[in-house]
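Topology and contacts: notes
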Amino acid sequence: MKKDPIVYQYTEPKSPLPAEGVQPRVLFHTGEGHDEDECVYDCIQCGKNIAGELQQLNVGGADRASTSPRALQYRDVFLLTYYGNLHDTQTDDSGNVTEEASGLIRGLREAGIPVTILVEEDHTMLKEVATMEGPNDVFAAQSTEVQGLERKIVVFAQADGLNSENEDRGRLQAMSRCTAQLIWVKPPLPPPDKISH
Ligand SMILES: [Zn+2]
């Protein structure tokens, strides 16, 4: 990340950090059930796998005991992309579905996770997201739309492969929005002959 001119150099901390923090959880858009010909944004299986991780973290679950911390809510989660936005179900004037939502969104919903997609430049919605007053849903957005906002859990769905400057920027933007647990969905590795260094 230091290669990026917009990132300031870190200064050495005066005292050791208390801990490294939790390890990111890494998922891959590859294997049985995944539509590898499509981008991760259109993969239902990736949506289901993300849902599984969120359920393991007890997101949206019941509070365990009055003495333990409150369970995480769906609104504590951002699902971030870098290229383009995820899209919701499209309907015509009679309410007939003309286009299904992005596969990632469908997978999450099929697994019982409520998701709202942040509408670009919808300032009312953005304000609700910023003040945590919107619906208790996971919010899906392009990382550039939520600069300055943070969530305990950030899921970053990485679209592209290795050595892409824009994906580096995407990772930087998405990961820096996370205060506790990062879930990183990576694309399949390209075949060896396509890796350039
Ligand atoms: Zn997938």
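Okay, so let's go over this structure. This one's a predicted model, so the numbers in the text were calculated from it and none came from an experiment.

Looking now at a negative patch on the surface. Taken together, the side chains of Asp-35, Glu-36, Asp-37, Glu-38 and Asp-42 present a region of like negative charge at the surface. Along the chain, Asp-42 turns up in the loop between strand S1 (25–28) and helix H1 (44–56). Accessibility expressed as a relative area gives 34% for Asp-42, which makes it partly exposed.

In this model, H1 (13 residues) spans 19 Å end to end at C-alpha, consistent with the 18 Å of a helix rising 1.5 Å per residue. Among all positions of H1, only Cys-46, Gly-47, Ile-50, Ala-51, Glu-53 and Leu-54 are buried. Along the axis of H1, the buried positions cluster into a sector of 160°, meaning they face one direction only. Contacts made by the buried residues of H1 are with S1, strand S2 (77–81), helix H2 (103–110), strand S6 (138–142), strand S7 (151–157) and strand S8 (178–186). Positive backbone phi, at 65°, marks Asn-58, one or two positions downstream of H1.

Moving on to the nonpolar core. Counting residues in each nonpolar core, the largest one holds 28 residues, and the members touching the most others are Ile-50, Leu-54 and Leu-79. Taken together, the elements giving at least two residues each to this core come down to H1, S2, H2, strand S5 (115–117), S6, S7 and S8. The leading source of residues in this core is H1, at 4 residues. Listed in part, the 16 residues of the second largest apolar core include Phe-139, Val-146, Val-154 and Phe-156.

Donor atoms from the polypeptide that bind the zinc ion are His-29 (ND1), His-34 (ND1), Cys-43 (SG) and Cys-46 (SG), placed at 2.1 to 2.3 Å. For the zinc ion, the 4 donor atoms in the first shell make angles of 104 to 120° at the metal, so the coordination geometry reads as tetrahedral. Written as a sequence motif, the donor residues of the zinc ion are H-x4-H-x8-C-x2-C.

A few words now on the pattern of salt bridges. According to the stated counting rule, one finds 3 salt bridges in the structure shown. One salt bridge in this structure joins Glu-110 and Lys-48, with 3.6 Å as the shortest N-O distance. Of this pair, Glu-110 sits in helix H2 while Lys-48 sits in helix H1, and the two are 62 residues apart along the sequence. Its relative accessible area of 36% is what places Lys-48 among the partly exposed residues.

This brings us to the packing of aromatic side chains. Here the distance between the centres and the angle between the planes together describe a pair of aromatic rings. Per the stated rule, a full pass over the model turns up 0 aromatic pairs. Above the face of the Phe-78 ring, Arg-151 is positioned so that its terminal group lies 4.4 Å from the ring centre. The ring of Trp-184 carries Lys-186 above its face, with NZ or CZ at 4.1 Å from the centroid.

Quick notes on the rules
Residues numbered from 1 in each chain as written. Predicted model: local features only at pLDDT ≥ 70, side-chain atom pairs only at ≥ 80, totals over all residues. Heavy atoms only, no water. Patch = residues over 30% accessible without salt bridge, like charges linked within 9 Å, V, L, I, M, F, W, Y side chains within 5 Å. Areas by Shrake-Rupley, 256 points an atom, 1.4 Å probe, with all protein chains shown as cover. Salt bridge = Lys/Arg side-chain N within 4 Å of Asp/Glu carboxyl O. Lys, Arg positive; Asp, Glu negative; His and termini not counted. Charge placed at Lys NZ, Arg CZ, Asp CG, Glu CD. Helix = DSSP H or I, 4+ residues; strand = E, 2+ residues; numbered from the N terminus. Buried < 20%, exposed > 50% of the residue type's maximum accessible area, 1.4 Å probe, protein only. Expected span 1.5 Å × (residues − 1). Arc of directions from axis to C-beta. Contact = heavy atoms within 4.5 Å. Core = buried A, V, L, I, M, F, W, Y, C linked by side-chain atoms within 4.5 Å. Donors = N, O, S within 2.8 Å, 3.2 Å for Na, K, Ca; no water. Tetrahedral: all angles 85-135°; square planar, octahedral: opposite > 155°, others 65-115°. Phe/Tyr/Trp six-rings, centres within 6.5 Å; stacked < 30°, edge-to-face > 60°. Lys NZ or Arg CZ within 6 Å of the ring centre and 35° of its normal.

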